[in-house]
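Next come the chains, spelled out residue by residue.
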Amino acid sequence: MDKTDIAHLEVLSFAKLASKDQTELNKLLEACRKQGFFYLDLAGSNVSHGLHQRLKALSLMKDWFDRPDEEKMKLHKDSVTNGYKPPGTLSGVVKHMKDGFENIKLPRDNFLGTGDSLPEVFKNDKEVFRDDLEISHGVTLTILSCLSDLLQPPVRLEDYHQENMSSQSTMMYFRYAKQCADKSSGVGHNMHTDLGTLTLLYCEQWGLQVYAQATDSWKYVQPRPGLYVVNVGDALRFLSGNDLLSALHRVVPVPGHESEYRYSTAYFLRPGNETEFRTSENTVVSALNWHDQKYNVFKAAHVEQEKNTILTGGIGAF
Ligand SMILES: O=C(O)CCC(=O)C(=O)O
Ligand SMILES: [Fe+2]
């Protein structure tokens, strides 16, 4: 990969952020304002075992993705937040083609109650998935509390994410199809901004790209084993009065990796459903309504997606 094709992202220490180290806090604010993306290192923090649990969950999921389609489809639900999604249900990264990924979603509200979206074979490993979900949730809330300290908003950002509020927060495990295979079902993950507050991603393979507004170009997010990638979503951008950047990103096929599946995992922290904010369309909507609008646009044809700012938050690239 050419160096000029790679995004320069800051590496932040979660241990330092959690202890409110001022230098680290300043780096956080700069990263959230300028790029909307940064690497996060959990080493030396009280949740450093989170990475181990994430990797364990991912490895269990890798085996599950190899199971026959009929078996996976048993977990398909008529829901965008729960259960199994087969490839090709959303618009993909290539114009007029669908997406090239499947995923399984474990909504936090639901999982903490019954764990019902977890495949039966993993019921014995429920602790792994619960740890991954809860550690990821705690990490993103701590980052939010740092941002509240920095920005001093009238309402602290964590207050939109209280335990007694239902939300669309969810953990997702992804598998992208091999690129040498028949692509008729779809390719990659179309450009978008994340709809929620913060995303805590882990992936050891190339493919993720972030849009650099300054140069009007796409840059790869280099996979750095051991480090998570965090990005700001629309809800946080809107709640910060557009101060923080909800960066546009996508997943593309990578030359030289045609014979590999690509696996990634992400926890999406989202505000309580009733939280209200003003969007890039200058409408005041609830977090739940914004979630639903985004998914309608994710599913829509490319020509429809270009008609408003919902997919991209109004940030270039069409
Ligand atoms: O698979 C990835 O690396 C990113 C996925 C993503 O951007 C998303 O699901 O919002
Ligand atoms: Fe995303």
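Here, the structure is the one placed above.
Because the structure is predicted, anything quoted here is derived from the model rather than measured. (Residues numbered from 1 in each chain as written. Chains lettered and ligands numbered in written order. Predicted model: local features only at pLDDT ≥ 70, side-chain atom pairs only at ≥ 80, totals over all residues. Heavy atoms only, no water.)

A.B. asks: Just checking my understanding: could you explain the coordination of the iron ion (ligand 2) for this structure?
C.D. replies: Four donors placed tetrahedrally around a metal ideally meet at 109.5 degrees, and six donors placed octahedrally ideally meet at 90 or 180 degrees. Donor atoms from the polypeptide that bind the iron ion (ligand 2) are His192 (NE2), Asp194 (OD) and His249 (NE2), placed at 2.1 Å. When its relative accessible area of 7% is taken as the criterion, histidine 192 is described as buried. (Donors = N, O, S within 2.8 Å, 3.2 Å for Na, K, Ca; no water. Buried < 20%, exposed > 50% of the residue type's maximum accessible area, 1.4 Å probe, protein only.)

A.B. asks: Got a minute to help me understand the sheet that holds strand β2 (residues 37-41) in this structure?
C.D. replies: In a beta sheet, neighbouring strands pair by backbone hydrogen bonds and run either parallel or antiparallel. The strand order β1-β2-β10-β7-β12-β5-β4-β3 describes an open sheet built from eight strands, whose pairing is mixed. Each having just a single partner strand, β1 (11-13) and β3 (83-85) make up the two edges of the open sheet. For this sheet, the mean angle separating the axes of adjacent strands, direction not counted, is 25°. Two elements, β2 and strand β10 (residues 228-232), share four bridges in a ladder whose sense is antiparallel. Counterpart to phenylalanine 37 in the pairing with β10 is asparagine 231. On the sheet, helix α6 (residues 126-151) packs against β2, β4 (101-107), β5 (170-176), β7 (198-202), β10 and β12 (262-269) and is oriented at approximately 55° with respect to β12. (Pairing = 2+ DSSP bridges. Helix = DSSP H or I, 4+ residues; strand = E, 2+ residues; numbered from the N terminus. Axes fitted to C-alpha atoms, helices over the stretch in contact; angles between N-to-C directions. Contact = heavy atoms within 4.5 Å.)

A.B. asks: Help me understand the site of ligand 1 in this model?
C.D. replies: Taken together, Phe174, Tyr176, His189, His192, Asp194, Leu201, His249, Val251, Arg262, Ser264 and Phe268 make up the full set of residues adjacent to ligand 1. Within the contact set of ligand 1, an oxygen atom lies 2.7 Å away from a side-chain nitrogen or oxygen of tyrosine 176. For ligand 1, an oxygen atom lies 3.0 Å from a polar atom in the side chain of histidine 192. For ligand 1, the protein covers 94% of the area, taking 290 Å² as the surface of the free molecule. (Near = heavy atom within 4 Å. Polar contact = N/O pair within 3.5 Å; in protein donor to acceptor, adjacent residues only side chain to side chain. Areas by Shrake-Rupley, 256 points an atom, 1.4 Å probe, with all protein chains shown as cover.)

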